[in-house]
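Structural features, examined
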Amino acid sequence: MTDHFTSRFLDARRDYIRSRFPHLNPMQQEAVLHTEGPLLILAGAGSGKTSVLINRVYNLLKYGSASGSDVLPPFASEEMISELEEHGALADDYAALDPVPPWQILAITFTNKAAGELKSRLEQLLGESSRDIWACTFHSACVRILRRDCDRIGFTRDFTIYDTTDSLSLIKHILKDQNLDEKYYPPRGILSEISRAKGDKILPPEYCAEAKKTINLHRQQVGEIYTEYMRRLTLSDAMDFDDLLLYTVMLLRENEDVLDYWQRRFRYILIDEYQDTNLLQYELSALIAGKHKNICVVGDDDQSIYKFRGATIENILSFEDQYKGCRTIRLEQNYRSTGHILNAANSVIRNNTERKGKELWTDKSAGDMIELYTADSEKDEAQYVASKMLAGYSRGENWRDYAVLYRKNAQSSSLEFALKRNGIPYRIYGGTRFFDRAEIKDILSYLSVVSFPGDNLRLERIINTPPRGIGSKSIETALSLAAEEGKTLFDVISHADRYEDLARPAMRMRAFAVLIEELRAFSEANTPDLLFDEIIEKTGYIRALKEKNTQEDTARAENVEELKTSILTYMKESGDTTLAGYLANVALYTDLDNYDTSASAVTLMTMHSSKGLEFPHVFIVGMEETIFPSMQAIGESEEMEEERRLCYVAITRAMKTLHLVCARERMLFGRTTSNRVSRFVDEIPEEDIHKTIPRGYGFRDPSNQTYVQRSESSVGAGYGSYVVRKPAHKAFDEHTVKPPAPAKTEQKPLLQLAIGDSVRHQAFHEGTVVKITPMGNDALLEISFPSVGNKKLMLRTASLHMEKF
DNA sequence: CGCACCACAATTTTT
DNA sequence: TTGTGGTGCG
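Here is what the cut-offs are and how they apply
- Here the residue numbers are simple positions, counted from 1 along each chain's written sequence.
- Chain letters and ligand numbers both follow the written order, the letters beginning at A and the numbers at 1.
- Per-residue local features are limited, in this predicted model, to residues with pLDDT of at least 70; the limit for side-chain atom pairs, both in listing and counting, is 80 or more; totals at the level of whole chains, interfaces and linings are taken over all residues.
- Excluding hydrogens and water, the side-chain figures rest on all heavy atoms present in the structure.
- What makes two strands pair is DSSP finding at least two bridges between them.
- Strands here mean DSSP runs of E at least two residues long; helices mean DSSP runs of H or I at least four residues long; both are numbered from the N terminus.
- Simply put, an axis is a line fit to the C-alpha atoms, just over the touching stretch for a helix, and the angle between two N-to-C directions goes from 0 to 180 degrees.
- Criterion for a salt bridge: a side-chain nitrogen of Lys or Arg within 4 Å of a carboxyl oxygen of Asp or Glu.
- Residue exposure (1.4 Å probe, protein chains only): buried if accessible area is under 20% of the type maximum, exposed if over 50%, otherwise partly exposed.
- In this scheme, patches are assembled from residues that exceed 30% relative accessible area and form no salt bridge. Like charges are connected within 9 Å, while nonpolar side chains (Val, Leu, Ile, Met, Phe, Trp, Tyr) are connected within 5 Å.
- Under the convention used here, a 1.4 Å probe and the Shrake-Rupley method define accessible areas, while residue burial counts only the protein chains that appear.
- We score Asp and Glu as negative and Lys and Arg as positive, and we do not count His or the chain ends.
- For this purpose, a charge sits on NZ of Lys, CZ of Arg, CG of Asp or CD of Glu.
- One heavy atom within 4 Å of a molecule or strand is enough for the residue carrying it to be called near that molecule or strand.
- N or O atoms closer than or at 3.5 Å make up a polar contact, with two conditions inside protein: a donor-capable atom paired with an acceptor-capable one, and, for residues adjacent in sequence, both atoms drawn from side chains.
- For the purposes of this section, nonpolar cores are sets of buried Ala, Val, Leu, Ile, Met, Phe, Trp, Tyr and Cys residues that join through side-chain atoms within 4.5 Å.
- Assignment of crossover handedness uses the view with strands pointing away from the viewer, where a clockwise path from the first strand over the helix to the second indicates a right-handed crossover.
- A residue's pLDDT is the predictor's confidence in that residue, given on a scale from 0 to 100.
- The contact definition used throughout considers only heavy atoms, calling two residues in contact when any of these lie within 4.5 Å.
- Cavities and pockets were defined on a 1 Å grid built from protein atoms only: a cavity is a group of points that admits a 1.4 Å probe but offers it no way out, a pocket is an open group of points flanked by protein on both sides within 12 Å along at least five of seven lines, and a lining residue is one with an atom within 4 Å of any such point.
- Grid points are joined across faces, edges and corners, and a volume is the space filled by probe spheres set on the points.
- Each residue is assigned to one of three groups, with Ala, Val, Leu, Ile, Met, Phe, Trp, Tyr, Cys and Pro labelled nonpolar, Asp, Glu, Lys and Arg labelled charged, and all others, Gly among them, labelled polar.

Strand order in the open sheet formed by 5 strands is 23-22-21-20-24, and the pairing between neighbours is antiparallel. Of all the strands in the sheet, just strand 23 (789-794) and strand 24 (802-804) have a single pairing partner and so form its edges. Taking each pair of neighbouring strands and ignoring which way they run, the sheet shows an average axis angle of 35 degrees. Where strand 20 (residues 758-761) lies against strand 21 (residues 765-775), 4 bridges are found, and the strand directions are antiparallel. What sits directly across from valine 759, in strand 21, is glycine 767.

Written as structure tokens, this is what we have:
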């Protein structure tokens, strides 16, 4: 066989395999075909990276290393070449070289949701065999690795996972015990300091040593807290989120056989959102990939928005140095957004200096221009958003195609009100999470304590919930007794009668300990869902809530019921009926995992949570200095760049239309404030954005341009508008001179309605008034619309979009 | 021991 | 403005 033959065979094979991915562009194909050795994919927003990931896995499973290898199969022949070239029936078999078994692939994503999506798309493409692929987050991968060998690092198989709330409350306890003032030692700050240390692989001894050198008393004290924090976690057989990574790295570093096992096991590693990884995650991936070096990372330095929680953009910026001979592929064709939107995104991000440099392009049309609307107030801002949505809905758009993005969660409330008043269905993501609710934490604490009574933190949480006459004083006494004797709180309360100091609560404490023992015995023989019932029954938790009979407590009781659903779902989906398994799963679970794209409702979320999602129509509200960019980023160039990346992320969520909204004044911490329009708006080229200032603003812009009327037929009264044809650089003057108060809101007279009246609504069409409830100088209407069902609308708002007939 | 009231602060967030 | 946490009283 000649070299010529070899290269002909390899070419034919590669071309054949490439032809199996006709739906991908050449760059994407390259990324799919490069199977051997390190690969860095710089994937811009909307460039189809998920597609690439999935097809890469498909290629590995189907053709193995064939497309990336120069090894010939045994018995390579001329016939095989022609079969490949002609795409014959046997071509598939001839092309394959050592197909990769699914269990040798590890695909790491950042959220459970992304992992779930990856899994389901792989299953669609590959069927059954995709089951054995590890598609999970760093954290859940670590849990699985740790469970196998946790005895080597001094944990039991059933170690529990502390979430941020647990960690926070542990920190608070330690502060209290060490007589430290939360004012000078803010628990959140301490926790993120500890988290940062762990992320940089600095353990308490090293941290304390470093702190001693600095003669910084505060830091030394933090070192003490850190030491104690770790000590107590270990005592409770618990790990926090960072520990999962930390201990896994330590396990692999210190145990060659374990490292060897996992290195052999995972021949191919894929990591998504690499720009969001920290040092620990980098090290973990380097360890596992250490043998085969088949590591493929996907990321976008421009979308790195989590530096504040320890992500280091360095990982992606220096990947090429860390893996010599690495292949870098850029995916710059955007399949999501139309021209103006993309141009705006490129123009904004170009102002950052710390980046690899990447320019998105599209072969789509320019599409609609970006709209900038300058609202009066946050109320007006919200009403504008609602009106635009109603207009869209009346043109046949679906609610689910709309999203409103904002910088911080607190901005959601005015939007919520506006959407409610207008009868627009919406969903809010973020804010307080289901698993962070007190009642859920309570029940989960019961489950944890049943699983491991040595967990002082959680035992303390439930010892008097619902109230059973064990007050904080008694708990404190018991805790210090436990500390003195080196026992757990549970040990002490089990034998409370042996301690003089606990004479009074002794009976109640023992009764509680007996309750836990009984539940433990029960859990030995029963599945978690039955244990849940038993806990509710024996503790009277729901009963206590229902007795209060307030609306809030009823909602709480419902949440608790909902928790049972989560247990049942877990048991059904994983086939695992162990309590420890469920608890680990729950700790790693978040609300975003519940994100349901099929619901017919508009989406409200922070720009951060929107990463990875896309919507046909996007509104970004609060485009004002001190809000976005946020107050704390102003004057800090690194943070400003992160804000700008956030802006880039937000803009690139939009597929067809993008509305930016700023408010002339808004209520901030109970004060009316007025801020200049966001610098990011200025960074968008004039030809991509169309600035609207509502009728009634009688002020001149600095460049003395005339306002030109523009017709806006689709939206009702209140949003007819004037436009600056060649807008001034700023939407309004930079010193905060307030323009004369506009007289523009609710120019339409209120409708005079009675029950039974027929109305025609702009978006919901014809309907009949079925109920009117006066509320102050407004009224709550309930109108029956044959096309959409019953809607509750506020009279004042609805009058803008509705007429009587 | 539980509840009510007042002071105080106030991004972003996944696991 | 809103939510939280601490204190003081019943």
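Having put the structure on the table, let's press on.
Pairing of side chains with opposite charge becomes possible as their charged atoms draw close. With the rule as written, the count across this model stands at 57 salt bridges. With its nearest N and O atoms 2.2 Å apart, the salt bridge here joins aspartate 276 to lysine 611. Within this pair, whereas aspartate 276 is found in the loop between strand 6 (268-271) and helix 14 (279-288), its partner lysine 611 is found in the loop between strand 12 (602-606) and strand 13 (615-621), the two being separated by 335 residues in sequence. For aspartate 276, a relative accessible area of 3% translates into the label buried. Linked through salt bridges whose partners overlap, the residues forming this network are Lys49, Asp272, Glu273, Asp276 and Lys611.

A grouping of Asp11, Asp15, Glu85 and Glu86 is seen on the molecular surface, where their side chains present a negatively charged patch. Secondary-structure assignment places aspartate 11 in helix 1 (residues 3-19).

What follows deals with the protein's contact with DNA strand C. For DNA strand C, the full set of nearby residues is Lys172, Phe669 and Gly670. Within 4 Å of the protein, the contacting atoms of DNA strand C are 20% sugar and phosphate, with bases supplying the remainder. Within the backbone of phenylalanine 669, a nitrogen or oxygen atom sits 3.5 Å from a base oxygen of DNA strand C.

Among the nonpolar cores identified, the biggest contains 69 residues, and Phe159, Tyr229 and Leu244 are the most heavily contacted of them. Examining the composition of this core, we find that 7 residues originate from one element, helix 12 (residues 241-254), more than from any other. Core analysis: the next-biggest nonpolar cluster, separate from the first, contains 48 residues, Ile463, Phe490, Phe512 and Ala513 among them.

Here we come to the pairing of strand 7 (residues 295-299). Counting buried residues in strand 7 gives 5 out of 5 residues, a clear majority hidden from the surface. Burial along strand 7 is two-sided: Ile295, Val297 and Gly299 and Cys296 and Val298, pointing in opposite directions, are all buried. Both strand 1 (residues 39-43) and strand 7 contribute to a ladder of 4 bridges, which runs parallel. Bridging from a neighbouring strand, leucine 42 pairs with glycine 299 of strand 7. When strand 6 meets strand 7, the two strands line up parallel, connected through 3 bridges. Bridged to isoleucine 269 within strand 7 is isoleucine 295. Remark: the strand 6/helix 14/strand 7 crossover connection has right-handed handedness.

So, about the confidence of the model for chain A. Of all residues in chain A, 92% attain a pLDDT of 70 or more, and the chain-wide mean is 87. Ranking the elements of chain A by mean pLDDT puts strand 18 (residues 707-710) last, at 32, and strand 13 first, at 97. Low pLDDT (under 50) marks residues 696-746, which in the prediction has 103 contacts with non-local residues, meaning those over four places away or in another chain.

Right, let's talk about empty space enclosed by the protein for a bit. Applying the stated criterion to the full structure yields 2 cavities of 30 Å³ or more. Within this model, the largest cavity holds a volume of roughly 60 Å³. Taken together, Leu106, Ile108, Phe138, Ala141, Ile269, Ile271, Leu284, Ser285 and Ile288 form the lining of the largest cavity. Breaking the lining of the largest cavity down by element, the ones donating at least two residues are strand 2 (105-109), helix 7 (138-149), strand 6 and helix 14. Sorting elements by how many residues they give to the lining of the largest cavity places helix 14 first, with 3 residues. Looking at side-chain class alone, the lining of the largest cavity contains 8 nonpolar, 1 polar and no charged residues.

It is worth spelling out the environment of leucine 604 at this point. Counting through the fold element by element, leucine 604 comes out in strand 12. Separated by 539 residues in sequence, leucine 604 and serine 65 place their C-alpha atoms 44 Å apart. In contact with leucine 604, other than residues within four places in its own chain, are Val404, Tyr406, Ser412, Leu415, Glu416, Leu419, Tyr426, Arg427, Ile428 and Tyr429.

Our next topic: unusual backbone geometry. Residues threonine 465 and proline 466 are joined by a peptide bond in cis, for which omega reads -10 degrees. Mapped onto the secondary structure, proline 466 falls in the loop between helix 21 (456-462) and helix 22 (472-485). That bond from phenylalanine 628 to proline 629 is cis: its omega, 5 degrees, falls within 30 degrees of zero. We note that isoleucine 215 has phi near 45 degrees; this positive angle belongs to a residue other than glycine. Tracing the backbone shows isoleucine 215 in the loop between helix 10 (204-214) and helix 11 (217-235). For glutamate 273, which is not a glycine, the phi torsion comes out positive at approximately 50 degrees.

All right, on to the protein's contact with DNA strand B then. Close to DNA strand B lie 31 residues, the nearest being Arg407, Arg433, Gly471, Thr590 and Thr606. Within 4 Å of the protein, the atoms of DNA strand B are drawn from sugar and phosphate moieties in a proportion of 50%. Contact distances for DNA strand B include 2.6 Å between a base oxygen and a side-chain N or O atom of threonine 164. Here a phosphate oxygen of DNA strand B and a side-chain polar atom of serine 609 are 3.5 Å apart. Going through the elements one at a time, helix 22 and helix 29 (637-651) are the ones with two or more residues in the surface near DNA strand B.

What follows deals with the environment of threonine 673. Residue placement: threonine 673 occurs in strand 16 (residues 671-673). According to the relative accessible area criterion, threonine 673 is partly exposed, its value standing at 23%. Sequence separation between threonine 673 and valine 100 is 573 residues, and the spatial gap between their C-alpha atoms is 60 Å. Excluding its chain neighbours within four sequence positions, the residues that come into contact with threonine 673 are Arg664, Glu665, Arg666 and Leu668.

With that out of the way, let us pick up the sheet that holds strand 7. The 6 strands lie next to each other as 3-2-6-7-1-8, forming an open sheet whose pairing is parallel. The outermost strands of the open sheet, each flanked by one partner alone, are strand 3 (134-137) and strand 8 (327-331). Averaged over all pairs of adjacent strands, the angle between strand axes in this sheet comes to 15 degrees, irrespective of strand direction. Sheet analysis places strand 1 next to strand 8, joined by 5 bridges and oriented parallel. Residue pairing for strand 8: leucine 42 is matched across the bridge by arginine 330. Strands in contact with helix 3 (residues 49-63) are strand 1, strand 2, strand 6, strand 7 and strand 8; relative to strand 6, the strand with the most contacts, it is inclined by about 175 degrees.

Another aspect to go through is the layout of surface pockets. Estimates place the volume of the second largest pocket at around 1800 Å³. For the second largest pocket, the lining is made up of 41 residues, of which Lys119, Tyr570, Glu573, Ser574 and Asn585 are closest to its centre. Of all the elements in the fold, those that place two or more residues in the lining of the second largest pocket are helix 6 (112-126), strand 3, helix 7, helix 27 (551-574) and helix 28 (579-587). In terms of residue count, the dominant contributor to the lining of the second largest pocket is helix 6 (8 residues).

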